[in-house]
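Examination of the molecular architecture
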Amino acid sequence: MDCSPEEDTDISESEMDEYGDKTYEALKNGNHHVKNSDETFTCPYCPKKKKRDYLYKELLQHASGVGNSSSDKRSAKEKANHLALVKYLEKDLAGPSKPVSENDPPVGCDHDEKLVWPWTGIVVNIPTRQTEEGRYVGESGSKLRDELKSRGFNPTRVHPLWNFRGHSGSAVVEFRKDWPGLNNAMSFERAYEADHHGKKDWYANNDQKSGLYAWVARADDYNSTGIIGDHLQKIGDVRTISEIMEEEARKQGKLVSNLKNLIETKNKVLKEMEERCSQTSVSLSNIVEEKDKLLQAYNEEIKKIQLSARDHFQRIFNDHEKLKLLVESQKSELETRGVELEKREARNESERKKLAEDIEKNAIRNSSLQLASLEQQKADVNVMKLAEDQKRQKEELHNRIIQLEKKLDAKQALELEIERLRGTLSVMKHMGDDGDVEVLEKVDALLKQLREKEGELEDLEALNQTLIVKERKSNDELQEARKELINDLKEMASRAHIGVKRMGELDSKPFHDAMKRKYNEEDAEDRASELCSLWEEYLKDPDWHPFKVIMVDGKHQQVIDGEDQKLNDLRNELGDGVYNAVTTALMEINEYNPSGRYIISELWNYKEGRRATLAEGAMFILKQWQVAKRKRGMS
């Protein structure tokens, strides 16, 4: 089955390019017969080969395999001829005029021959070498796969076979499961057969084997004992081309049947929709017709209403004209009666003057009586108001005295006494307007008592002011002591229950935990630092106030606003841990530094979770000093 080289003298490797160019020119000039028909071709350099007819792709794979062969059995002239044939096929013939369909099996194959499916090739005699550990190693499958791809066989994978000694020197070549894959596999087998490196050549008992031997896996390979048979039984099955074609035909028939049923269903649905569309069109036409009738009836009704309104306005206008004439007649009648009254008025002028004088006298008398009555009413109202005011003031003073006796200190009681005296004095002054001597004496006594109480109040005010100054001074000293205590505790690295807490500081651990769930360790660290810095700036923003006021046990209290958009977005994106860290820092800043909105240090009782007193801090420092003193004494 080998291709016979020409009988001429062989050439060297350096002369192959020049010789190949001459051969290519001879092919272009038609000196060699290559094309048999539109679909079949022949190799002019392998006249003794049994297979004479090739498809375009098969001939291209044959020529490429021989031209790129590394076997010593191929002469340089034979390789150059086949490389020139590859160039001629690619540049001048450019494939068959009628391409082979990918849905048809390759031509020239025995359809009843049992092959391993998915299509698989076998490569043996792969060079291996023994390592220092005693194991055998060889070339990788990817390198052999790339080499086969470059020759046009397009394998999907090359899997070297290994046993307990290492690389077995064998490999399995996997091709696509379709007909082009089988075509590539058969071309792969024919290429190695052309180089006398096929299956028969491998199993022939002749001289020592060199180079790679390869063929397509069949039933005998599948059922063989050894590493190749075991691997083939794991990855595939034995099937004939006829069985695969029958299965494809069944699948295609089933697909056609399903598509036919689907088309029938679609046609049925389409028919139903057309019927519905027709019904809808009829219904729509009826509705439009009914609408036109309603519109016509509406226009006729509007026309009737307009005519009725016009008649009504005309009747109103006519009635108005009649009333106008009636008013004019009555006006003329009144004018006539006015003239008659003027005549009568002239006759009764003297009587009218006398009556006017009597009326004037009566008016003066009535006016005097009315003024006297008004003065009397005002006096009565003033007396009643004065009595009510005195009663109300006494009741208010009495109620206030009862309430303040329970709540106020000596100063407030004294102020109440002064207020009561002033009120009583005011009442007495009102009562003193009547000129009662006893009342005037009581007023003088109350004035004297009021001055004494005001003097006592001034003394208490002075004492209270002195105490306030001392309290402020003491408070300033306590605050300075607290600051010094906080500064000392900052320098002490201790995990005791009394320490310094930075109020409003953002806990970065939840941010790191959230970022670790999304990124790797390094990126999570950077992302967490950026997010912490961003939210620290948000906490300092005085324009952001995510709080609301609610009533708790009858008192107003500020809490986090659960509807704040920024906080809700944070919880949805990073989870409850980060949300709780931010809200905790917000509550601390709002409680300890709402105006400045920056972090402050605070003396803290970690055991009870509250602000530590100055006494607790001092006791803790004293205990620490005693412990340190005992340690120095023991050393």
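A few points on the structure. (Residues numbered from 1 in each chain as written. Predicted model: local features only at pLDDT ≥ 70, side-chain atom pairs only at ≥ 80, totals over all residues. Heavy atoms only, no water.)

So, the overall build of the protein chain
- Tallying secondary structure elements over the protein chain gives 17 helices and 13 strands in all.
- Every one of the 635 residues in the protein chain was classed for burial, and the buried ones make up 28%.
- For the protein chain, the proportion of contacts with a sequence separation of at least 24, taken over those separated by at least 6, is 63%.
- Just so you have it, the protein chain exposes about 44000 Å², and 50% of that area is on carbon and sulfur atoms. (Helix = DSSP H or I, 4+ residues; strand = E, 2+ residues; numbered from the N terminus. Buried < 20%, exposed > 50% of the residue type's maximum accessible area, 1.4 Å probe, protein only. Contact = heavy atoms within 4.5 Å. Areas by Shrake-Rupley, 256 points an atom, 1.4 Å probe, with all protein chains shown as cover.)

Focus on the packing of helix α13 (residues 509–516) against helix α14 (residues 521–540)
- With their axes 8 Å apart at the nearest point, α13 and α14 run at an angle of 135 degrees to one another. Judged on the interaxial angle alone, α14 and α13 are oblique. Our pair here, α13 against α14, has a crossing hand that is right-handed. In this structure, α13 contributes Phe511, His512, Met515 and Lys516 to the contact, and α14 contributes Glu521, Ala524, Glu525, Arg527, Ala528, Leu531, Cys532 and Trp535.
- Residues belonging to the contact of α13 with α14 are distributed by class as follows: seven nonpolar, one polar and four charged. (Axes fitted to C-alpha atoms, helices over the stretch in contact; angles between N-to-C directions. Parallel < 35°, antiparallel > 145°, perpendicular 65-115°, else oblique. Left-handed = near helix turned anticlockwise from the far one by under 90°. Nonpolar A, V, L, I, M, F, W, Y, C, P; charged D, E, K, R; others polar.)

Some points on the pairing of strand β7 (residues 213–216)
- Neither face of β7 is open: one carries Tyr213 and Trp215, the other Ala214 and Val216, and all of them are buried.
- In this sheet, β7 lies alongside strand β2 (residues 120–124) in antiparallel orientation, the contact comprising four bridges. Residue pairing across strands places Val123 opposite Ala214, the latter belonging to β7. (Pairing = 2+ DSSP bridges.)

Looking at the pairing of β2
- Within β2, five of the five residues are buried, which leaves the element mostly enclosed by the surrounding structure.
- One ladder, built from four bridges, connects β2 with strand β6 (residues 166–174); its direction is antiparallel. Considered in β6, the bridge of Gly121 is made with Val173.

As for the side chain of Ser242
- Inspection of the secondary structure puts Ser242 in helix α9 (residues 241–347).
- Overall, Ser242 belongs to the buried group, its relative accessible area being 19%.
- When near neighbours in sequence (up to four residues on either side) are disregarded, Ser242 contacts His111 and Asp112.

Notes on a positive patch on the surface
- Where like charges cluster on the molecular surface, the positive patch consists of Arg337, Lys343, Arg344 and Arg347.
- Counting through the fold element by element, Arg347 comes out in helix α9. (Patch = residues over 30% accessible without salt bridge, like charges linked within 9 Å, V, L, I, M, F, W, Y side chains within 5 Å. Salt bridge = Lys/Arg side-chain N within 4 Å of Asp/Glu carboxyl O. Lys, Arg positive; Asp, Glu negative; His and termini not counted. Charge placed at Lys NZ, Arg CZ, Asp CG, Glu CD.)

Re helix α16 (residues 576–592)
- In a regular helix each residue adds 1.5 Å, so 17 residues correspond to 24 Å; α16 covers 24 Å between its end C-alpha atoms and thus fits that length.
- Along α16, the residues that are buried comprise Val578, Tyr579, Ala581, Val582, Thr583, Ala585, Leu586, Glu588, Ile589 and Asn590.
- The secondary structure elements touched by the buried residues of α16 are β9 (498–503), α13, α14, β10 (547–552), β11 (555–560) and α15 (565–574). (Expected span 1.5 Å × (residues − 1).)

Thoughts on empty space enclosed by the protein
- Inspection of the entire model under this criterion finds one cavity of 30 Å³ or more.
- Approximately 70 Å³ is the volume attributed to the largest cavity.
- Lys49, Tyr54, Glu58, Gln61, His62, Ser187, Arg190 and Ala191 together form the lining of the largest cavity.
- Counted by class, the lining of the largest cavity contains two nonpolar, three polar and three charged residues.
- The two domains that each donate at least three residues to the lining of the largest cavity are domain 1 (14–93) and domain 2 (114–235). (1 Å grid on protein atoms, 1.4 Å probe; cavity = no way out; pocket = protein on both sides within 12 Å on 5 of 7 lines; lining within 4 Å. Points joined across faces, edges and corners; volume = space filled by probe spheres on them. Domains from an automatic or database assignment.)

A short note on the nonpolar core
- Grouped together as the largest cluster of nonpolar side chains are 23 residues, with contacts concentrated most on Trp119, Val123, Leu148 and Phe188.
- Within the residue set of this core, elements represented by two or more residues are α4 (141–150), β6, α5 (179–194), β7 and α9.
- The dominant element in this core, judged by the number of residues it contributes, is α5, at seven residues.
- Not counting chain neighbours up to four residues away, the residues in contact with Phe188 comprise Gly121, Ile122, Val123, Leu148, Phe153, Val173, Phe175, Ala214 and Trp215.
- Among the nonpolar cores identified, the runner-up in size contains 21 residues, and Phe511, Ala514, Ala528 and Val578 belong to it. (Core = buried A, V, L, I, M, F, W, Y, C linked by side-chain atoms within 4.5 Å.)

Digging into unusual backbone geometry
- Each neighbour pair has its own omega, and for Trp117 with Pro118 the value is 5 degrees, a cis peptide bond.
- On the secondary structure map, Pro118 appears in the loop between β1 (114–117) and β2.

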